[in-house]
Amino acid sequence: MTHQQIVDKLAAKALVQNIDEDFARLTAKAMAYAKHDKTIAENLSGYILPKILLRWNCVLNADETEVTKNYKRTTIVALAVILHKYGLTDPEIVEKAIDSIDALNRDVVLSDDFFRKSDQIKKIISSAPAPLKRKPSLPDNITFYRPKDVIAIQLGSHFYCAYIHKHSRPNESPIIEFYDKKFDKVPEIEELKKLQAKGQLYNDGIERISKYAVSGIKFLPDLANQIKLISSDVETVPSNSHLQEPVGLYAIMDIFEIQNEIERLFKN
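Because the structure is a prediction, the values reported are computed rather than measured.

Focus: the nonpolar core
Item 1. One finds Phe-23, Trp-56, Ile-176, Phe-178 and Ile-258 to be the most contacted residues of the largest nonpolar core, which totals 64 residues.
Item 2. With eight residues, the single largest contributor to this core is helix α5 (residues 69-85).
Item 3. What Trp-56 contacts, discounting residues up to four positions off in sequence, is Leu-15, Asn-18, Ile-19, Asp-22, Thr-75, Leu-79, Leu-223 and Ala-224.
Item 4. Residues Ala-152, Tyr-163, Tyr-179 and Ile-230 belong to the second largest nonpolar core, which totals twelve residues.

In structure tokens form, the structure reads like this:
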């Protein structure tokens, strides 16, 4: 049984695609860095998993009023299978996936074929994966978010809001600018209207306009539950008149690099 045959039985095509594309982005980058960084080369999982889980824990740790038990179970099984596909493993994810397989079967959520093949699926995800021999291809940068959308990005227990100005190319990589406040819950659009834009503080002590073209902000709604659409067709942009001119039009990042950037921007 192949990895594709397993995930096909989950009956969650978009979810699987989203997870697979996330792993492809991170694994390709990790394998490129590994050529020059012995630490990453010796522990690809240590580079990839924290970034993956910071994003997908927005599903796994969500309140059940927001994300159903069975969606969480399907997600952890998909994570375990795709992790194995990319030559990686994690005992905790595998254990949770095995428990989730049993729970999905107990509640008769998936097909009889999934039930019949469950022992085989468990055996595969528990086995030692074969390391990848070459970097995976990068996914496309398509986005279903539109200019003038306002979104919230969750990191841990906080939410960081951003305005989408436009796309870097038609229907690709939204160009975002952050509002200068972090929230404990997803705010209403009225709470953002008077906020200024968050600028990047440079080493010379000057805070400059900072925009980002972010690949990987794709599905609407976000299957990882990390990105929330707050409002559309918002005409009022966050004011950046208090900031100095930017260095370049925007920085190019992916969904995982922007996680690091948010932590750096809002560290104080």
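Considering empty space enclosed by the protein
Item 1. On inspection of all chains with the given rule, the structure shows one cavity of 30 Å³ or more.
Item 2. Taken as a whole, the largest cavity holds about 60 Å³ of empty space.
Item 3. Asn-18, Glu-21, Asp-22, Arg-25, Asp-140, Ile-142, Gly-216, Lys-218 and Phe-219 are the residues that line the largest cavity.
Item 4. When its residues are assigned to classes, the lining of the largest cavity shows two nonpolar, two polar and five charged.

Regarding the side chain of Lys-51
Item 1. When you line up the elements, Lys-51 lands in helix α4 (residues 44-60).
Item 2. Summary of buried charges: Lys-51 has no salt-bridge partner, and the nearest side chain of opposite charge, Glu-263, is 8.8 Å away.
Item 3. A polar contact is formed between the side chain of Lys-51 and the backbone oxygen of Tyr-47, at a distance of 3.4 Å.

Let's talk about the sheet that holds strand β3 (residues 172-183)
Item 1. Spatial strand order, β7-β1-β2-β3-β6-β8: six strands in an open sheet with mixed pairing. At either end of the open sheet lies a strand with only one pairing partner, and these are β7 (227-231) and β8 (251-254). Strand after strand, the sheet turns through a mean of 40° between neighbouring axes, direction not considered.
Item 2. Contacts between helix α9 (residues 257-265) and the sheet are confined to β1 (150-155), β2 (158-169), β3, β6 (212-215) and β8, with β8 contributing the most and set at about 115° to the helix.

Some remarks on the packing of aromatic side chains
Item 1. All chains considered together, the criterion is met by six aromatic pairs.
Item 2. Where Phe-23 meets Tyr-86, the ring centres are 5.9 Å apart and the plane angle is 15°; that geometry is what we call stacked. In this pair, Phe-23 sits in helix α2 (residues 13-34) while Tyr-86 sits in the loop between α5 and α6 (91-106), placing the two residues 63 residues apart along the sequence. Pair check on accessibility: Phe-23 and Tyr-86 agree, each one buried.
Item 3. For the ring pair Tyr-33 and Tyr-47, a centre distance of 5.9 Å and an interplane angle of 90° mean the geometry is edge-to-face. Here Tyr-47 lies in helix α4 and Tyr-33 lies in helix α2, a separation of 14 residues in the sequence.
Item 4. By relative accessible area, Tyr-33 is classed as partly exposed at 39%.

Conventions and cut-offs
Residues numbered from 1 in each chain as written. Predicted model: local features only at pLDDT ≥ 70, side-chain atom pairs only at ≥ 80, totals over all residues. Heavy atoms only, no water. Core = buried A, V, L, I, M, F, W, Y, C linked by side-chain atoms within 4.5 Å. Buried < 20%, exposed > 50% of the residue type's maximum accessible area, 1.4 Å probe, protein only. Helix = DSSP H or I, 4+ residues; strand = E, 2+ residues; numbered from the N terminus. Contact = heavy atoms within 4.5 Å. 1 Å grid on protein atoms, 1.4 Å probe; cavity = no way out; pocket = protein on both sides within 12 Å on 5 of 7 lines; lining within 4 Å. Points joined across faces, edges and corners; volume = space filled by probe spheres on them. Nonpolar A, V, L, I, M, F, W, Y, C, P; charged D, E, K, R; others polar. Lys, Arg positive; Asp, Glu negative; His and termini not counted. Salt bridge = Lys/Arg side-chain N within 4 Å of Asp/Glu carboxyl O. Polar contact = N/O pair within 3.5 Å; in protein donor to acceptor, adjacent residues only side chain to side chain. Pairing = 2+ DSSP bridges. Axes fitted to C-alpha atoms, helices over the stretch in contact; angles between N-to-C directions. Phe/Tyr/Trp six-rings, centres within 6.5 Å; stacked < 30°, edge-to-face > 60°.

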